[in-house]
Amino acid sequence: MLMLKVCHACDSILGEIELDDLTGEVPDSIMDIVGNVAYALCPDCMRQLDVEPDRVLH
Ligand SMILES: [Zn+2]
């Protein structure tokens with residue numbers, strides 16, 4: 001199953017990922033799958049979270 005990977009914080013498209021079995025192990029543990037879109041964090045937003053752990057995401 002081909003899914004679109006989108007950044008949770010800034011909505012930038014990170015690419016497409018292939019998931020054969022959604023009940024199996026998800027490669028990215030922070031990924032949140034809605035429909036055929038997998039929300040994750042892009043490296044920039046990930047870094048911001050590291051720098052500012054108290055920052056609240058929308
Ligand atoms: Zn981002």
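So, how was this worked out
- Residues numbered from 1 in each chain as written.
- Predicted model: local features only at pLDDT ≥ 70, side-chain atom pairs only at ≥ 80, totals over all residues.
- Buried ≥ 20, exposed ≤ 12 C-beta atoms within 10 Å, placed from the backbone.
- Helix = DSSP H or I, 4+ residues; strand = E, 2+ residues; numbered from the N terminus.
- Pairing = 2+ DSSP bridges.

Here strand S4 (residues 37-40) shows a buried face lined by Ala38 and Ala40 and an unburied face lined by Val37 and Tyr39. As judged from the 4 bridges shared by strand S1 (residues 2-7) and S4, these two strands associate in the parallel manner. Along S4, the bridge assignment pairs Leu4 with Val37. As defined by bridge partners, strand S3 (residues 32-34) adjoins S4 across 3 bridges and the pair is classed as antiparallel. Across the sheet, residue Asp32 finds its bridge partner in S4, namely Tyr39.

Now for unusual backbone geometry. With a phi angle near 65°, Asp11 is a residue other than glycine that sits in the positive phi range. The topology assignment puts Asp11 in the loop between S1 and strand S2 (13-18). Residue Asp11 is classed as exposed on the basis of its 9 C-beta neighbours within 10 Å.

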